[in-house]
Amino acid sequence: MYAQMITAEASDEDPKLLEEFQARIDRDEKIEPKDWMPMAYRKTLIRQIGQHAHSEVVGQLPEGNWITRAPTLERKAILLAKVQDEAGHGLYLYSAAETLGVSRDELVELLHEGKMKYSSIFNYPTLNWADIGAVGWLVDGAAIVNQVALQRTSYGPYSRAMIRICKEESFHARQGYHAIMQMAFGTPAQKAMAQDAVNRLWFPAIMMFGPSDSESVHSEQSMTWKIKVRSNDDLRQQFVDQTVPQIEYLGLDLPDPGIKWNEERGHYDYSDPDWSEFFNVIKGKGPCNVDRLNDRTNAWEDGAWVRDGLLAHGRKKAAARTAAE
Amino acid sequence: MADNALFQFLLRMGDNSLILGHRVSEWCGHSPVLEEDIALANTALDLIGQTQFWLGLAGEVEGKGRSADDLAFLRDAWDYRNVLLCELPNGDFGQTLMRQFLYDAWASVMMGRLMTSSDERVAAIAAKASKEVAYHVERSGDTVVGLGDGTEESHARMQAALDYLWPYVGEMFDSDEVDAAMVKAGIAPDPAGLREEYDALVGKVLGQATLTIPTDTFHHKGGRTGYMHTEHLGHLLCSMQWLQRAYPGATW
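Definitions and cut-offs
- Residues numbered from 1 in each chain as written.
- Chains lettered and ligands numbered in written order.
- Predicted model: local features only at pLDDT ≥ 70, side-chain atom pairs only at ≥ 80, totals over all residues.
- Heavy atoms only, no water.
- Helix = DSSP H or I, 4+ residues; strand = E, 2+ residues; numbered from the N terminus.
- Rg over C-alpha atoms; globule rule 2.2 N^0.38 Å.
- Buried < 20%, exposed > 50% of the residue type's maximum accessible area, 1.4 Å probe, protein only.
- Contact = heavy atoms within 4.5 Å.
- Lys, Arg positive; Asp, Glu negative; His and termini not counted.
- Charge placed at Lys NZ, Arg CZ, Asp CG, Glu CD.
- Areas by Shrake-Rupley, 256 points an atom, 1.4 Å probe, with all protein chains shown as cover.
- Buried area = accessible area lost by both parts, 1.4 Å probe.
- Salt bridge = Lys/Arg side-chain N within 4 Å of Asp/Glu carboxyl O.
- Nonpolar A, V, L, I, M, F, W, Y, C, P; charged D, E, K, R; others polar.
- 1 Å grid on protein atoms, 1.4 Å probe; cavity = no way out; pocket = protein on both sides within 12 Å on 5 of 7 lines; lining within 4 Å.
- Points joined across faces, edges and corners; volume = space filled by probe spheres on them.
- Patch = residues over 30% accessible without salt bridge, like charges linked within 9 Å, V, L, I, M, F, W, Y side chains within 5 Å.

### Side note on the overall build of chain B
Check the secondary structure of chain B and you find 10 helices and 0 strands. Since a compact globule built from 252 residues should have a radius of gyration of about 18 Å, the 18 Å found for chain B is in line with a globular shape. By principal-axis analysis of the C-alpha atoms, chain B measures approximately 55 × 40 × 30 Å. Burial status across chain B gives 60% buried among its 252 residues. For chain B, the proportion of contacts with a sequence separation of at least 24, taken over those separated by at least 6, is 82%. Counting 19 positive and 36 negative side-chain charges, chain B places the centres of these two groups 5 Å from one another.

This is how it looks when you write it as structure tokens:
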């Protein structure tokens, strides 16, 4: 179904329907699954929601990397609960995507074939315990800035999923900041770990908002359809503005010498990240791309016998019930 | 002696949930389907939560100022008191779920008995844990049935898991002087006395799963006394305790 959709041509869509659709968007009405929508709107949403769902699932891996090494029982429990939440977000988002006529299995297959992406941030490694705090604080923090905006997105199921997800993500960001605070205010070795984490994750975190608006291929149409409601640069600036004082509060060095308060703009200036790195990561050349995707495909393939076994048992039970009737 | 016996008993309870919880948490992000990732994380989370209570009380009873974290992260393998079953490697998903079921079935019987413990603190922990354990045994039992009575391959894998794990079941029902002291004080039941209920529960589920319980009654032991763990435990502790060992005295 999806494969057919992505090759379908939108050119024969009724101009009147398109016009009515845009008028609904302009009136800030939510679009619901059974409503008519342009094929390209549907495709864009499938791409975006699917990518978001995959990010939640792949995002389990860098955090899971530290579950077995969490330094206290409480930290271990917090991290387990957080990763469990992320997997749950994956489920809501796959369900939201399913309302557009694509199954979870189809989306997973596209991910495994490298035909769909997930957030580039998860292609960076978690190398010390402070990374776990930094992931919650910076990565979930950046995701929240983006997702709070997406609560107003025009597609109803996606908007509602975002509202629910944001509540949990805000909690994660606070827990992350608390964890890195312990490190920054701890022993010199802990403080060094915190600094190392911030230095490594800062640019990848600000790249999460995507390229500058002038460079972003999907931005303009998505803004018109209100799938996106704020620009990449706007969101990035908001994140920088809220995060710089937090880094200062921790007593850590700023990870970018270009960060400076700009009185005139009323915002922090910051250096542009190395976008060639971003595009390399997108193309599969990030530090962990190959390992992350192998982990997911191996888990899927190794688990085939489990899925087949449970399905076979379900069929036997159903057959036994029918025979008994 | 009474306090030391209680301390040992509490370590056995807490170490079981800690080591099994740790093993289950190793699955994070790698299970066969997203719902299982969630379920395994949830199970691990419950077990770690139970550990905080059992080891917290153990530290209190010992009276040397050790916290649950001190006990979890700063003891070496020989001081661990979990049954060997809990420390065995995950293997495939079938082995993990079979291990979980064999443990959950024991825990469900044990928690039921501990709810009437003469020690109110023990009874309170058991009352909380019993709700989680009731759900765990239902879920692991259902999965064992589904996979045992699934395809030819899933059946063969589940039978192999049962054959591998069964020789570790008996240790959960061994008794020694620690147990005798617990029985005398009315704190905990004699483990041997749980076997009948356990066999009935396990027999029923494994029967539905079309699996065959091995007839050999031999069982391994050495975990709950600390006399001889498997080689696997040391590696688990290397990961689990690394930060606390490498950076002593830090607050996390």
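### Thoughts on the overall build of chain A
Counting secondary structure elements, chain A contains 14 helices and 2 strands. For 325 residues, the compact-globule estimate of 2.2 N^0.38 gives 20 Å, and the C-alpha radius of gyration of chain A, at 22 Å, lies within 12% of that figure. The dimensions of chain A, computed from C-alpha atoms along their principal axes, are 70 × 50 × 35 Å. A buried classification covers 52% of the 325 residues belonging to chain A. Within chain A, contacts between residues at least 6 apart in sequence are counted, and of these 77% link residues at least 24 apart. If you sum the accessible surface of chain A, you get close to 14,600 Å²; carbon and sulfur atoms cover 53% of it. Across chain A, the 37 positively charged side chains and the 47 negatively charged ones have centroids separated by 5 Å.

### Brief notes about the interface of chain A and chain B
Taken together, the contact between chain A and chain B spans 47 residues of the former and 48 residues of the latter. A per-residue breakdown of the area chain A buries against chain B is headed by Leu73, Gln84 and Trp305 of chain A, which together make up 21% of the total. Counting the contacts that link chain A with chain B gives 3 salt bridges. The shortest N-O distance in the salt bridge between Glu35 of chain B and Arg104 of chain A comes to 2.5 Å. Of all the secondary-structure elements, those providing two or more residues to the side of chain A that touches chain B are helix H4 (60–64), helix H5 (73–98), helix H8 (156–184), helix H9 (188–207), helix H13 (289–302) and helix H14 (304–324) of chain A. When its residues are assigned to classes, the side of chain A that touches chain B shows 24 nonpolar, 13 polar and 10 charged.

### Here we look at the layout of surface pockets
Residues and elements named next belong to chain A. Here the largest pocket is characterised by a volume of approximately 1,300 Å³. Together, 50 residues line the largest pocket, and Arg47, Gln48, Gln51, Asn146 and Met208 are the ones closest to its centre. It is helix H7 (residues 130–150) that contributes the most residues to the lining of the largest pocket, 9 residues altogether.

### What to know about the pattern of salt bridges
All names here are of chain B. Throughout the structure, instances matching the rule amount to 32 salt bridges over all chains. Linking Glu26 and Arg23 is a salt bridge whose minimum nitrogen-to-oxygen distance equals 2.9 Å. Residue class for Arg23 comes out buried when judged on its relative accessible area of 7%. The shortest N-O distance in the salt bridge between Arg157 and Glu153 comes to 3.0 Å. Here the residue Arg157 and the residue Glu153 both occupy positions in helix H7 (residues 152–165), the gap between them amounting to 4 residues, near one helical turn. With a relative accessible area of 29%, Arg157 lands in the partly exposed category.

### Considerations on a nonpolar patch on the surface
Residue and element names in this part refer to chain A. Taken together, the side chains of Leu17, Leu18 and Trp36 present a nonpolar region at the surface, about 220 Å² in accessible area. Structurally, Trp36 can be placed in the loop between helix H2 (15–26) and helix H3 (39–58). Classification of Trp36 by relative accessible area gives partly exposed; the value is 32%.

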